[in-house]
Amino acid sequence: MRETVRQAWKASLHLLTGAGVSLLCYLMVGVVLFTAVLTATVIGAGVLPEAVLTLRRLAGLERRRTAAWTGEPVPEAYEPLTGTLTERVRAATGDPGTHRDLVWGAAQLVYGMVLLYAAMILWAPALFVDGFWYGMAGRKPVALPLITRLADLQARLSRTLLLPSPRARLAERIEQLTLTRADAVAAQGAELRRIERDLHDGAQAHLVALSMRLGLARRAYDRDPATALRLLEQAQDQAESALTELRHVVRGIHPPILTDRGLAGAVRALAAGSGLDVAVDTGGAEDGPRAPAAVEAAAYFVVAETLTNAAKHSGSDRAEVRLRRGPGRLWISVRDEGRGGASEGGAATGTGTAGGGSATGGGSGMLGMRRRVAALDGTVEVTSPPGGPTVIEVELPCAW
């Protein structure tokens, strides 16, 4: 009962601040409409963009309020008010975001006040009913939660009205895909250069040395069989080194262990060879059909990169890897109990960089991970407060 009353009180405060926003909307919508009329007569042209900017700030305040209540951010999309006065006025009047803000402001005038009045009316009978229902009958409160639902309703209305227009969301999505494609092309180019460098400096050098030794062994075979035998032994060692280099290159492209054991088995192998005490929780990720090869490879490299950096930089000897599958999604979480300090960009703010490359390396490992995940339209979230723990969560779209 006490927790229910506390939640109802928090909901009432949310509704009260919503009513305060309604009063500001009453002033703001009037100001914007008044300046729009003045703009038609050229008198208020210089004031209109500033009024629209103020309206955007008020809408931003409501977005933050709604996000704080629901726990989900409310995105925004506006055209920049820059350039000449004519361009600024044209952008202010033609921006779909401004139109939605005006609709929200007019609606907030109504539901912001109405929902607060409804909550005020509910409080007294709700306390009486739930006090009797809980105290005498020992049942769960039924009336006070209605106040919380009023706050939820206000948040839903604000979120619906303040979300960017479909056209703005489409433009933002196109821009995001353009950046993702550029990152994917850059990552592919860097990967091809790495493979070329590894082949040139590694396997090719060993194969050239192997060819030379075989030639020397063939020329020495008739006159000095002992020397030829020694050269053949060296050539065999060289061939084994070349095979090792080629396996290393192949693992960098698509680890064979993924083909053999699947993602869950490959992750367990990574955990066993990481040098850390790693708890692996696959959560049934190995059940059912396998993910596409590109998704499995991205997930594998995410786990490999984060465990490597945790072992090198976190200062912890324990980590946890979790895999989860959902409708159209594969979710990976890697957590270490180190000193934390890994930034969103991957570079560390402190000495621990589990998941972000070395402390002085600029987070190139995290950058490569982000590019690999972004190429599949996935997301990477890093949580690493000073003192730890560091948690890296990756979500990949996946058609099972």
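Residues numbered from 1 in each chain as written. Predicted model: local features only at pLDDT ≥ 70, side-chain atom pairs only at ≥ 80, totals over all residues. Heavy atoms only, no water.

## Let's talk about the overall build of the protein
At step 1: Within the protein one finds 10 helices and 5 strands.
At step 2: Out of the 400 residues belonging to the protein, those deemed buried represent 40%.
At step 3: In the protein, the proportion of contacts linking residues at least 24 apart, taken out of those at least 6 apart, comes to 68%.
At step 4: Of the roughly 21700 Å² of accessible surface on the protein, a fraction of 61% belongs to carbon and sulfur atoms. (Helix = DSSP H or I, 4+ residues; strand = E, 2+ residues; numbered from the N terminus. Buried < 20%, exposed > 50% of the residue type's maximum accessible area, 1.4 Å probe, protein only. Contact = heavy atoms within 4.5 Å. Areas by Shrake-Rupley, 256 points an atom, 1.4 Å probe, with all protein chains shown as cover.)

## Side note on the sheet that holds strand β5 (residues 390–397)
At step 1: The mixed open sheet is built from 5 strands, whose spatial order is β1-β2-β3-β5-β4. Unpaired on one side and paired on the other, β1 (277–281) and β4 (379–383) mark the two borders of the sheet. For this sheet, the mean inter-axis angle between neighbouring strands, taken without regard to orientation, is 10°.
At step 2: Judged from the 5 bridges that link them, β4 and β5 form a sheet pairing that is antiparallel. The partner of Glu 381 across the bridge, within β5, is Glu 393.
At step 3: Packing of helix α9 (residues 293–314) onto the sheet brings it into contact with β1, β2 (318–326), β3 (329–336) and β5, and relative to β3 it is tilted by some 5°. (Pairing = 2+ DSSP bridges. Axes fitted to C-alpha atoms, helices over the stretch in contact; angles between N-to-C directions.)

## Points about the pairing of β3
At step 1: Two elements, β2 and β3, share 8 bridges in a ladder whose sense is antiparallel. Its bridge partner lying in β3, Arg 324 is registered against Trp 331.
At step 2: Where β2 folds back onto β3 in an antiparallel hairpin, the turn is made up of 2 residues, including Gly 328, whose phi is positive at roughly 70°.
At step 3: Of the strand pairs in this sheet, β3 and β5 are connected by 8 bridges, and their pairing is antiparallel.

## Considerations on the packing of aromatic side chains
At step 1: Inspection of the entire model under this criterion finds 1 aromatic pair.
At step 2: Seen in terms of ring centroids, Tyr 300 and Phe 301 are 5.6 Å apart; in terms of plane orientation they differ by 80°. Their pairing is edge-to-face. Of the two residues examined, Tyr 300 and Phe 301, each falls in the buried class. (Phe/Tyr/Trp six-rings, centres within 6.5 Å; stacked < 30°, edge-to-face > 60°.)

## So, the packing of helix α2 (residues 48–70) against helix α5 (residues 145–162)
At step 1: As a packed pair, α2 and α5 sit with axes 10 Å apart at the nearest point and diverge in direction by 135°. The pairing of α2 with α5 is recorded here as oblique in orientation. Note on packing geometry: the crossing formed by α2 with α5 is left-handed. The residues of α5 that touch α2, namely those facing Ala 59, Glu 62, Arg 63, Arg 65, Thr 66, Trp 69 and Thr 70, are Thr 148, Ala 151, Asp 152, Gln 154, Ala 155, Ser 158, Arg 159 and Leu 162. (Parallel < 35°, antiparallel > 145°, perpendicular 65-115°, else oblique. Left-handed = near helix turned anticlockwise from the far one by under 90°.)

## Some thoughts on the UniProt feature "transmembrane region" (unreviewed entry) in the protein
At step 1: Listed under "transmembrane region" (unreviewed entry) in the UniProt record, and renumbered for this structure, are residues 21–48 and 109–129.
At step 2: For residues 109–129, helix accounts for 100% and strand for 0%, while the C-alpha atoms at its two ends are 31 Å apart. (UniProt positions renumbered as here; feature names shortened; annotations may be inferred.)

## Overview of unusual backbone geometry
At step 1: With a phi angle near 65°, Asp 377 is a residue other than glycine that sits in the positive phi range.
At step 2: By secondary structure assignment, the location of Asp 377 is in the loop between α10 (364–375) and β4.
At step 3: Residue class for Asp 377 comes out partly exposed when judged on its relative accessible area of 33%.

## As for the side chain of His 14
At step 1: Within the secondary structure, His 14 is located in helix α1 (residues 2–40).
At step 2: Not counting residues within four places of it along the chain, the set of residues in contact with His 14 comprises Arg 65, Trp 69, Ala 151 and Gln 154.

## Some details on α2
At step 1: Taking 1.5 Å as the rise per residue, α2 with 23 residues should run 33 Å; its terminal C-alpha atoms sit 33 Å apart, in good agreement.
At step 2: Gly 71, located one to two residues past α2, shows a positive phi value of around 80°. (Expected span 1.5 Å × (residues − 1).)

## Concerning the packing of α2 against helix α3 (residues 85–94)
At step 1: Viewed as axis vectors pointing N to C, α2 and α3 meet at an angle of 40°, and their least axial separation amounts to 9 Å. By the angle between their directions, the pair α2 and α3 is classed as oblique. Read as a crossing pair, α2 and α3 show a hand that is left-handed. Listed contacts from α3 to Leu 48, Pro 49, Glu 50 and Val 52 of α2 are Arg 88, Val 89, Ala 92 and Thr 93.

## Remarks on the side chain of Arg 63
At step 1: With respect to the secondary-structure elements, Arg 63 resides in helix α2.
At step 2: Look at Arg 63 and you get buried, because its relative accessible area is 7%.
At step 3: In contact with Arg 63, not counting residues within four places along its chain, are Val 74, Pro 75, Glu 76, Tyr 78, Asp 101 and Leu 162.

## Let's talk about the environment of Pro 141
At step 1: If you trace the backbone, Pro 141 turns up in the loop between α4 (96–135) and α5.
At step 2: Between the alpha carbons of Pro 141 and Thr 4 there is a distance of 7.4 Å; along the sequence they are 137 residues apart.

## Concerning α3
At step 1: Looking only at α3, the buried set comprises Arg 88, Val 89, Ala 91 and Ala 92. Looking down the long axis of α3, one finds its buried residues gathered within 165° of arc, a one-sided arrangement. (Arc of directions from axis to C-beta.)

## Here's the deal with a nonpolar patch on the surface
At step 1: Nonpolar side chains collect at one region of the surface, where Leu 24, Tyr 26, Leu 27 and Leu 61 lie side by side and expose about 410 Å² of accessible area between them.
At step 2: When residues of the nonpolar patch are assigned to their parent elements, the largest contribution, 3 residues, is made by α1.
At step 3: Tracing the backbone shows Leu 27 in helix α1. (Patch = residues over 30% accessible without salt bridge, like charges linked within 9 Å, V, L, I, M, F, W, Y side chains within 5 Å. Salt bridge = Lys/Arg side-chain N within 4 Å of Asp/Glu carboxyl O.)

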